[in-house]
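A structural walkthrough
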Amino acid sequence: MHNKVKDSTILVTGGAGFIGSYVVEELLQLQPAKIVIIDNFIRGSRENMKLFAADPRIEFHQGDIRDTALLESCISGCDYIFHMAALRINACAANPADGFEVMLKATFDVAQLAVKHKIKKVIYSSSASVYGLAQHFPTPETDNPYNNQTFYGAAKMWGEQLFRSFKFMYGLDYVALRYFNAYGPRMDTDGKYTEVMIKWLDCIRDGRNPLIYGDGSTTMDFVYVRDIARANIAALQADISDEAFNIGNCEETSLKQLLDVLLKVNDSTLEPEFREENSINPVSRRLADISKAKQLLSFSPSVSLEQGMKELSAWYFEKIKTA
Ligand SMILES: NC(=O)c1ccc[n+]([C@@H]2O[C@H](COP(=O)([O-])OP(=O)(O)OC[C@H]3O[C@@H](n4cnc5c(N)ncnc54)[C@H](O)[C@@H]3O)[C@@H](O)[C@H]2O)c1
């Protein structure tokens, strides 16, 4: 297949973030002319960019995608865009006005400017949140989004539809990727919305019994961050446009099973303690059907949950040792 990255200039919005930094690493292996990154560090960091910050092909802008003039200067001269900058689901719920500015208005600007500057393709980071509680398990892309109840899921669905309409109106090529539950080294460890596995790793380190809220039966489809980055590259390289793809591991893992794996890879004999659920989780199940990504993007996840949890644990324990 023709390597579209070779000699191209590519913008990664949110490229200092968790998933974005891995996308940049993958891109750099494919001989781009230049990678432009815009990130305001609301969640991303220089630490995430450690492996590539000094690469002469990187042009980094610490700035906000809501700054339209800066956004335009980043987009002008690019061939492709990975649009990954976004607020997290809980941040959108805490402040929908910010959510609107970042997830909708700035995404609209990305689409408008992509047309103006003749961008060849946009890869848009969508989310499994668009489904809410899905109708089918495994969930195909054809499930409808009407069960979604979150602002974040609504914004992601709007983003997909925005790019779809721009393809229809202006011929702007795009692919939307609906990631399921991303995890791996560099995931947020000390933000307000720290992921449950990081809290459990703290328990393992301190010898405290990990807590599970509810009965632990809620399931997710955990997909390793580097696999998500590979899916992004595949979405760019494939001669595919105007499509949305699920990106998951195709394994339904309950919270209880997740904790068992985490305890196993850390040789821990701690026992979970169950507490009453303090919030209602309207999405009790997640399981991706990724046959479409397999068929059209030749994408398959390559990292098992056990292997991924080993890598997450090693990274986290090293990080807190040196902090
Ligand atoms: N992590 C997941 O489980 C998951 C699942 C589904 C979809 N996604 C989507 O994937 C993309 C990447 O997610 P992530 O997990 O790497 O999150 P992240 O928060 O680590 O990355 C997003 C990056 O965007 C930056 N950013 C946010 N607002 C910005 C703004 N206004 N201007 C400039 N930069 C800004 C942040 O600083 C951060 O570095 C996002 O679009 C997210 O919604 C993530």
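Residues numbered from 1 in each chain as written. Predicted model: local features only at pLDDT ≥ 70, side-chain atom pairs only at ≥ 80, totals over all residues. Heavy atoms only, no water.

The contact between helix H6 (residues 196-206) and helix H10 (residues 305-322) brings their axes to 11 Å, and the two run at 65 degrees. In this structure, H6 crosses over H10, and the sense of that crossing is right-handed. Across the interface between the two elements, Met197, Ile198, Leu201, Asp202, Ile204 and Arg205 of H6 pack against Met309, Leu312, Ser313, Tyr316, Phe317 and Ile320 of H10. (Axes fitted to C-alpha atoms, helices over the stretch in contact; angles between N-to-C directions. Helix = DSSP H or I, 4+ residues; strand = E, 2+ residues; numbered from the N terminus. Left-handed = near helix turned anticlockwise from the far one by under 90°. Contact = heavy atoms within 4.5 Å.)

This part takes up the site of the ligand. Around the ligand lies a shell of 28 residues, among which Ile19, Asp39, Asp64, Met84 and Tyr152 are the nearest. Within the backbone of arginine 43, a nitrogen or oxygen atom sits 3.0 Å from an oxygen atom of the ligand. In this structure, arginine 88 approaches the ligand through a side-chain N or O atom, which is 3.1 Å from an oxygen atom. Contact with the protein chains removes 96% of the 810 Å² of surface that the ligand exposes when unbound. Broken down by secondary-structure element, the contributors of at least two residues to the shell around the ligand are helix H1 (18-28), strand S5 (121-127) and helix H5 (151-170). The dominant element in the shell around the ligand, judged by the number of residues it contributes, is S5, at three residues. (Near = heavy atom within 4 Å. Polar contact = N/O pair within 3.5 Å; in protein donor to acceptor, adjacent residues only side chain to side chain. Areas by Shrake-Rupley, 256 points an atom, 1.4 Å probe, with all protein chains shown as cover.)

The next subject is the domain arrangement of the protein chain. Looking at the assigned domains, one finds that the protein chain contains domain 1 (9-182 + 224-248 + 288-302) and domain 2 (183-219 + 252-283 + 306-318). Just the C-alpha atoms count here: the centres of domain 1 and domain 2 sit 27 Å apart. Each partner contributes residues to the interface: domain 1 has 18 residues there, and domain 2 has twelve residues. Summing both sides of the interface, domain 1 and domain 2 together bury roughly 1,400 Å²; the carbon and sulfur share of this comes to 49%. Counting the surface domain 1 buries against domain 2, the share from its top three residues, Phe18, Arg43 and Tyr224, is 38%. Counting every contact that joins domain 1 to domain 2 gives seven residue pairs in polar contact (both at pLDDT 80 or more). (Domains from an automatic or database assignment. Buried area = accessible area lost by both parts, 1.4 Å probe.)

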